[in-house]
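Summary of structural features
This is what each chain is made of:
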Amino acid sequence: MPDSELIPELTPAVREQVMAACLEVVRSNKMPWCCLRPLIYFGSGALVPFEEEREVVREARFRVRIEAPDGASLAETDKALRFVEERLAATGELRWWFSNLGQENPRIYYNVLSRNASANIAEVFAEVVDFDPARTNRMLDGLREEFAGYPGARISVHQFENGPPVAAPIEIRVIGPDIETLRLLAGEVEQLIASVPGTRDVMNAVRLQRTDLDLNIDTEKAALFGVQAVEADRTVRLAVAGLVAGSFREPDGDEYDITLRLPIEGRPTLDLLRSIQVSSATGEQVPLAQITSPEFTTAAPLIKRYNRERAVTVTAWPATGYATDELTREVIAGLGDIAWPPGYRWVAAGEVEARSESFSGLGVAMLVAVFGILAVLVLEFGSFRSMLIVFGVVPLGITGALLALFPTGYTLSFTSLIGMIALVGIEIKNSILLVDFTNQLRAKGIALDDAIAEAGEVRFLPILLTSLTAIGGLLPLAVQGSGLYSPLAIVIIGGLISSTLLARLVTPVMYKLLPPAVESRPM
């Protein structure tokens, strides 16, 4: 007999056997199933960690960031850039790369922002010939080891990651009033993060202090000579760094600043600065040495504020094979061993802060969705019992969604919760088909048990085919391996499988326990 003829003959028989078994469970084991459902639900939730791990994008492109010390010349940065290009060429695994000197790459990925240009910054954007996760990660780790030994700049290799833009996945923000105390505390935090196995590229923004030139202007003398303090500062800037006097635009559209500087031979020194003359209010030239005592001082390279308080950030990246969340927990556990002076504290930023911001508005959205569905069900059926029976499938789907996340290795992330919200709507739709048809049969005068059995038999195949169609459409996303879309698809698939199978047992049990009042209609 051909397969096309065999399937229609076997389907009703199989369906009747399944429904007979389900009805027997309904009649003889009503309470155990209802009591077991909460245990399954909460037990499955304990298997899946509630976190959002930034997933490295599985693609062939990566970037190399070069950061020379503050005040470094473009030539020094270019020297480090050429070193990077030589090492990239020596790998023999790259298809192409392009470099940006004096500025970062343009916005080549959605969460990598391009900042202002600076002479001590350079970046490289590259692509490997044949991407293989294991081999490519080994190649990138080898480059990191080579770049770590370069003495003139900090060179870091970064792969692209999904998630909101952050400075680094591991980030601790030290907050307090005094910048010197913040620098000492940031140094202790830096040592702590570096001591945690699995961290790399630990960055302390205030580790190296900036060297400034303090003129120490004698305001009383300057007033006697008729020299304003701002004029002395402007003259020194004109001698050391120069002042922008205008711009020059080439025919192709490139624009360059025209910098004016005093004619000083060689590099400016303190002795040369003392011989500079400053214009007074009367136009006379006053030697700078008459009103100033210039000297070099140290200061923090950058002072940031967090909620109007001074703050210093220490950042790090997870090494290959290490989870960001586990490393962050180890770092936070060690912060308690640091002696924090009164008025100073720390705040976990990076991925922890981005995760809290992502989940902050999701709870309200889920509550609105749940109560909205409950209100619609009450209006549709006109009975709270029918609403409870229909909504009883939701924990079954959530259980399957959590169990599906566990073997695949994904966490309960933002996209996973979005998938659960979508799953609730699909489950409710399938349950409405079953409960509404059961009510229709009872309205025709059919007995309760017979109505439950017939409704389950008639609606089983449509619900099954609807679920299989949805599962088939989501399979490509599930097997894609994307940290952004795969958890969403896996959650819906797991929830549909569990709700489709378990609801055939639990929904009839709940209907048997809580039969809604149905008005009989004459045939």
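Residues numbered from 1 in each chain as written. Predicted model: local features only at pLDDT ≥ 70, side-chain atom pairs only at ≥ 80, totals over all residues. Heavy atoms only, no water.

1. Section: the overall build of the chain
For the record, the criterion: Elements are defined by DSSP. Helices are runs of H or I of four residues or more, strands are runs of E of two residues or more, and each kind is numbered from the N terminus. Each residue's exposure class comes from its accessible area (1.4 Å probe, protein chains only) as a fraction of the maximum for that residue type: buried when under 20%, exposed when over 50%, partly exposed otherwise. Contacts are assigned to residue pairs that have any heavy atoms within 4.5 Å of one another. Areas reported here follow the Shrake-Rupley algorithm with a probe of radius 1.4 Å; residue values treat only the protein chains shown as occluding.
Counting secondary structure elements, the chain contains 17 helices and 15 strands. The buried share among the 523 residues of the chain stands at 40%. In the chain, the share of contacts with a sequence separation of at least 24, taken over all contacts with a separation of at least 6, comes to 76%. Surface exposure of the chain reaches about 27,800 Å², of which carbon and sulfur atoms provide 58%.

2. Quick look at the sheet that holds strand 2 (residues 94–101)
The condition is simple: Strand pairing follows a simple DSSP-based rule, namely that at least 2 bridges must link the two strands. The axes used here are C-alpha line fits, helices contributing only the stretch in contact, and every angle between their N-to-C directions lies in the interval 0 to 180 degrees.
The four strands are arranged 2-3-1-4 in an open sheet whose pairing can be described as antiparallel. Among the strands making up the open sheet, the edge pair consists of strand 2 and strand 4 (154–159). Ignoring which end each strand starts from, the neighbouring axes of this sheet average 15 degrees apart. Direction of pairing for strand 1 (residues 61–67) relative to strand 3 (residues 121–128): antiparallel, over a ladder of seven bridges. Bridge pairing in strand 3 places Glu67 opposite Ile121.

3. As for helix 16 (residues 448–478)
Selection criterion: Bend angle per residue: angle between axes fitted to the 7 residues ending at that residue and the 7 residues starting there.
At Arg459, helix 16 shows its maximal bend, which comes to roughly 40 degrees, and the proline Pro462 appears one to four places after that position. The set of residues buried in helix 16 consists of Ala451, Ile452, Ala453, Ala455, Gly456, Phe460, Ile463, Ser467, Ile471, Leu474 and Ala478.

4. Things to note about the packing of helix 3 (residues 74–91) against helix 4 (residues 133–148)
Operational definition: Crossing chirality is assigned from the near helix's rotation relative to the far helix, an anticlockwise turn below a right angle marking it left-handed and a clockwise turn marking it right-handed. When residues are grouped by polarity, Ala, Val, Leu, Ile, Met, Phe, Trp, Tyr, Cys and Pro land in nonpolar, Asp, Glu, Lys and Arg in charged, and all others, Gly among them, in polar.
Where helix 3 contacts helix 4, the two axes come as close as 11 Å, and the packing angle between them is 145 degrees. Our pair here, helix 3 against helix 4, has a crossing hand that is right-handed. Along its contact with helix 3, which presents Phe83, Val84, Arg87, Leu88 and Thr91, the element helix 4 presents Met139, Leu143, Glu146 and Phe147. Broken down by class, the residue content of the contact of helix 3 with helix 4 amounts to six nonpolar, one polar and two charged.

5. Quick word on helix 7 (residues 229–240)
Going by this rule: By this rule, a helix spans an expected 1.5 Å times one less than how many residues it contains. Arc definition: directions from the helix axis to the C-beta atoms.
Under the 1.5 Å per step criterion, the end-to-end length of helix 7 is 17 Å for 12 residues, consistent within 8% with the ideal 16 Å. Taken residue by residue, helix 7 has Ala232, Thr235, Val236, Leu238 and Ala239 as its buried positions. Within helix 7, the buried residues cover an arc of 160 degrees as seen down the axis, which keeps them to one side.

6. Looking at the environment of Pro177
Within the fold, Pro177 resides in the loop between strand 5 (170–175) and helix 5 (179–195). Take Pro177: its relative accessible area is 52%, and that puts it in the exposed class. As for Pro177 and Arg310, which are separated by 133 residues in sequence, their C-alpha atoms are 5.9 Å apart.

7. So, the side chain of Thr313
Its location among the elements puts Thr313 in strand 14 (residues 309–318). In this structure, Thr313 is in contact with Glu171, Ile172, Arg173, Met203, Asn204 and Ala205, ignoring residues within four places of it in sequence.

8. Some details on the environment of Met387
Tracing the backbone through its elements, the reader meets Met387 in helix 13 (residues 384–391). Leave out the neighbours within four places in its chain, and Met387 touches Leu374, Leu377 and Val378.

9. Focus on a nonpolar patch on the surface
Stated formally: Like-charged residues within 9 Å of one another, or nonpolar side chains (Val, Leu, Ile, Met, Phe, Trp, Tyr) within 5 Å, are grouped into patches, provided each residue has over 30% relative accessible area and no salt bridge. Each salt bridge in this description consists of a side-chain nitrogen of Lys or Arg and a carboxyl oxygen of Asp or Glu lying within 4 Å of one another.
There is a patch of nonpolar side chains on the surface, built from Leu213, Val240 and Phe296 and spanning about 260 Å² of accessible area. By the element assignment, Val240 lies in helix 7.

10. Topic: the pattern of salt bridges
Once the charged atoms of two side chains with opposite charge are near each other, the side chains can pair. Under the defined criterion, the tally for this structure stands at 20 salt bridges. Among the ionic pairs, Arg95 bridges to Glu127, the shortest N-O distance being 2.6 Å. On the criterion of sequence distance, the pair formed by Arg95 in strand 2 and Glu127 in strand 3 is long-range, its members being 32 residues apart. Overall, the relative accessible area of 46% leaves Arg95 in the partly exposed class. For Glu127, a relative accessible area of 10% puts it in the buried group. Among the ionic pairs, Glu255 bridges to Arg249, the shortest N-O distance being 2.6 Å.

11. Some points on the packing of helix 5 against helix 10 (residues 324–335)
As a reminder, the rule being used: Any angle that is under 35 degrees is reported as roughly parallel, and any over 145 degrees as roughly antiparallel; angles of 65 to 115 degrees are reported as roughly perpendicular and all others as oblique.
Where helix 5 contacts helix 10, the two axes come as close as 10 Å, and the packing angle between them is 135 degrees. Viewed along their axes, helix 5 and helix 10 adopt a mutual orientation that is oblique. Once helix 5 is placed against helix 10, the crossing between them reads as right-handed. Facing helix 5, whose interface residues are Val189, Leu192 and Ile193, helix 10 presents Val331, Gly334 and Leu335. Class assignment of the residues belonging to the contact of helix 5 with helix 10 gives a composition of five nonpolar, one polar and no charged.

12. Considering the packing of aromatic side chains
Stated formally: Two rings from Phe, Tyr or Trp (for Trp, the six-membered ring) form a pair when their centres are within 6.5 Å of each other. A pair whose planes differ by under 30 degrees is stacked, one over 60 is edge-to-face, and the rest are tilted.
Within the structure shown, the criterion is met by seven aromatic pairs. Where Trp96 meets Phe125, the ring centres are 5.4 Å apart and the plane angle is 70 degrees; that geometry is what we call edge-to-face. On the criterion of sequence distance, the pair formed by Trp96 in strand 2 and Phe125 in strand 3 is long-range, its members being 29 residues apart. Given the relative accessible area of 29%, Trp96 is considered partly exposed. The exposure class of Phe125 is buried, given its relative accessible area of 7%. The interplanar angle of 75 degrees and the centroid separation of 6.0 Å between the aromatic rings of Phe125 and Phe160 together place this pair among those described as edge-to-face.

13. Re the nonpolar core
We count it as follows: Buried residues of nine kinds, namely Ala, Val, Leu, Ile, Met, Phe, Trp, Tyr and Cys, make up a nonpolar core once their side-chain atoms join them within 4.5 Å.
In terms of nonpolar packing, the biggest core is built from 37 residues, with Leu377, Val390, Met420 and Ile428 touching the most fellow members. Residue assignment for this core shows that the elements contributing at least two residues are helix 12 (362–381), helix 13, helix 14 (394–408), helix 15 (414–443), helix 16 and helix 17 (486–513). Counting residues per element, this core draws most heavily on helix 17, which supplies 10 residues. Aside from chain neighbours lying at most four places away, what touches Ile428 is Ile373, Leu377, Val390, Phe391 and Val394.

14. Here's the deal with unusual backbone geometry
Despite not being glycine, Asn307 has its phi angle at roughly 55 degrees, a positive value. With respect to the element layout, Asn307 can be found in the loop between strand 13 (304–306) and strand 14. Accessibility expressed as a relative area gives 60% for Asn307, which makes it exposed. The phi torsion at Arg308 lies on the positive side, around 70 degrees, for a residue other than glycine. Position of Arg308 among the secondary structure elements: in the loop between strand 13 and strand 14.

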